[in-house]
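Structure at a glance
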Amino acid sequence: MSSIGTQEKTASATGEWFMGSLLRWPLTSGDSDGVLALGEATVAPGGEPPLHVHAREDETFYVLEGEMLFQRGTERIEARAGTAVFMPRGVEHGFAVLSSQARFAQLFTPGGLEEAFRALSEPAEYAGMPPAPDGPPDEAVIARQTATFGSYGVEFTGPPLPVILGS
């Protein structure tokens, strides 16, 4: 009998800092034979990703705290705690954090994309949000992020949603 899915694992108390956000990975693709990866993210305004398209995986968000606005293709979806939003592969998407911060679960199916986040993250120095960035990332950071996510089949297609919204 397989032990896949039966392994108990707790997320690191401190997690990882990624581009001004706090990430934890309760389940990775290694825990599920590549079937999925489950992350928990806390993001403040300004920490949103550029609009992008996944070639390899679907992404599902489940809002735990805060208020968010998602864009899926041309559709806009307002979300708060208890809202789930499915982003199918091949469809441009992004989000904006509308509250002081938002905490949400991310499910990637199949798993593997968490490795791109981990490659660009640093261990959190304490259990909380990292210091706020001084401004937008410099061109070298953007180039590394674009190359790393690109190697996992993610193409950045536009600015972060808050830039489009003018917020």
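Counting its regular elements, the protein contains 3 helices and 12 strands. A globule of 167 residues ought to have a C-alpha radius of gyration of about 15 Å, and the protein, at 15 Å, matches this closely. Reported as C-alpha extents along the three principal axes, the dimensions of the protein are approximately 55 × 35 × 35 Å. Per-residue burial for the protein yields a buried fraction of 40% across its 167 residues. Across the protein, every contact between residues at least 6 apart in sequence was considered, and the portion connecting residues at least 24 apart equals 73%. Surface summary for the protein: the accessible area is close to 8,600 Å², and the carbon and sulfur share equals 55%.

Applying the stated criterion to the full structure yields 13 aromatic pairs. Relative to F104, the ring of F95 lies with its centre 5.4 Å away and its plane at 70°, an arrangement referred to as edge-to-face. What makes F95 buried here is its relative accessible area of 6%. One aromatic cluster in this structure is built from F18, W25, F108, F117, F149 and F156.

One pass over the full model with this rule turns up 7 salt bridges. Notably, a salt bridge pairs R89 with D58, separated by 3.3 Å at the nearest N-O pair. Within this pair, whereas R89 is found in the loop between β8 (84–87) and β9 (93–97), its partner D58 is found in strand β5 (residues 58–65), the two being separated by 31 residues in sequence. Its relative accessible area of 38% is what places R89 among the partly exposed residues. Exposure remark for D58: the relative accessible area of 15% places this residue in the buried category. With its nearest N and O atoms 3.1 Å apart, the salt bridge here joins R103 to E65.

Turning our attention to the pairing of β9. For β9, the tally of buried residues reaches 5 of 5 residues, placing the bulk of the element in the interior. Covered by surrounding structure in β9 are H93, F95 and V97 together with G94 and A96, the residues of both alternating faces. As paired strands, strand β6 (residues 67–72) and β9 are joined by 5 bridges and run antiparallel to one another. Paired with R72 across the strands is H93, a residue of β9.

Cut-offs used in this document
Residues numbered from 1 in each chain as written. Predicted model: local features only at pLDDT ≥ 70, side-chain atom pairs only at ≥ 80, totals over all residues. Heavy atoms only, no water. Helix = DSSP H or I, 4+ residues; strand = E, 2+ residues; numbered from the N terminus. Rg over C-alpha atoms; globule rule 2.2 N^0.38 Å. Buried < 20%, exposed > 50% of the residue type's maximum accessible area, 1.4 Å probe, protein only. Contact = heavy atoms within 4.5 Å. Areas by Shrake-Rupley, 256 points an atom, 1.4 Å probe, with all protein chains shown as cover. Phe/Tyr/Trp six-rings, centres within 6.5 Å; stacked < 30°, edge-to-face > 60°. Salt bridge = Lys/Arg side-chain N within 4 Å of Asp/Glu carboxyl O. Pairing = 2+ DSSP bridges.

In short, shape yes, function no, at least from these values alone.
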